[in-house]
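The primary structure of each chain is shown beneath.
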Amino acid sequence: GGYAHVLGVEGMTVADYARRGFFQLVAVAGLTLPILLLAGWALDVRRPEDRVRLRWHVLGLVGLLFLLLASALSRMLLYTREFGLTEQRVYVTACLGWLACVFAWFALMQLRGTPERFATGAFAAGLQVLLALNLLDVDGMIVRVNAARAREGRSFDASYVTGLGAGAVPQVLRVADGLPAAERCAV
């Protein structure tokens, strides 16, 4: 798909394309993990050939899940490129990154034969993503990205930017001079 697909299908918008498959892709990825966890739990540990078979299945499924997550990420990036960055888009993208880390950790724990360590690593990855988001200054990043889009002649949603938290204020003051007159006045 991608942008060429959107242009080739009559009546389809970028928003339709991005939304149509994004949440389904993420839902499939999120629902696959409990199924894999149940499969590992139900495994008969007395049969080593079953453990080997499960490991190969986990590797295959995790590889396919990475393709799903990559497709979801490409849709999110296309949507962001067209309409700008928002808090929701940043947090959803961070969740995609967390899911990728969780699946990689799950596959690694299965390969090493230590699935009992999975929950701790998944929780630690979640904490790291939260820490990174707090250190990232999400509001400031949104202003910088959207102001750069405005300098390229794309739309700038001044009402959205002014509704962001206090972290956006320094960035708004830095980029205000480079905004088109209407947006600068609204800000």
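Residues numbered from 1 in each chain as written. Predicted model: local features only at pLDDT ≥ 70, side-chain atom pairs only at ≥ 80, totals over all residues. Heavy atoms only, no water.

Undergrad: Can you walk me through the overall build of the protein in this structure?
TA: The number of helices and strands found in the protein is nine helices and zero strands. Along the protein, from the amino end to the carboxyl end, the secondary structure elements read α-α-α-α-α-α-α-α-α. For the protein, the spread of C-alpha atoms along the three principal axes comes to 70 × 40 × 20 Å. Buried residues in the protein amount to 37% of all 187 residues. A separation of at least 24 residues holds for 71% of the contacts in the protein among residues at least 6 apart in sequence. As presented, the protein carries roughly 11,100 Å² of accessible surface, and 65% of it is formed by carbon and sulfur atoms. (Helix = DSSP H or I, 4+ residues; strand = E, 2+ residues; numbered from the N terminus. Buried < 20%, exposed > 50% of the residue type's maximum accessible area, 1.4 Å probe, protein only. Contact = heavy atoms within 4.5 Å. Areas by Shrake-Rupley, 256 points an atom, 1.4 Å probe, with all protein chains shown as cover.)

Undergrad: Which parts of the structure should I look at to understand unusual backbone geometry?
TA: Most peptide bonds take the trans form, and the phi angle of most residues other than glycine is negative. Phi is positive for Asp-137, which is not a glycine, with a value near 60 degrees. Asp-137 gets classed as partly exposed once you look at its relative accessible area, which sits at 30%.

Undergrad: Looking at this structure, how should I read the side chain of Thr-86?
TA: Mapped onto the elements, Thr-86 comes out in the loop between helix H3 (48-83) and helix H4 (87-112). Of the residues examined, Thr-86 reaches a relative accessible area of 15% and is grouped as buried. Sequence-distant contacts of Thr-86, defined by excluding residues within four places in its chain, comprise Ile-142 and Tyr-160.

Undergrad: So what exactly am I meant to see when it comes to the layout of surface pockets here?
TA: Which parts of space are left empty comes out when a probe the size of a water molecule is rolled across the atoms. By volume, the largest pocket amounts to about 260 Å³. Around the largest pocket, the lining is made up of 14 residues, and of these Gly-40, Leu-43, Leu-54, Gln-110 and Pro-115 lie nearest the centre. With four residues, the single largest contributor to the lining of the largest pocket is helix H2 (residues 14-42). Tallied by class, residues from the lining of the largest pocket come to nine nonpolar, three polar and two charged. Taken as a whole, the second largest pocket encloses approximately 200 Å³ of empty space. (1 Å grid on protein atoms, 1.4 Å probe; cavity = no way out; pocket = protein on both sides within 12 Å on 5 of 7 lines; lining within 4 Å. Points joined across faces, edges and corners; volume = space filled by probe spheres on them. Nonpolar A, V, L, I, M, F, W, Y, C, P; charged D, E, K, R; others polar.)

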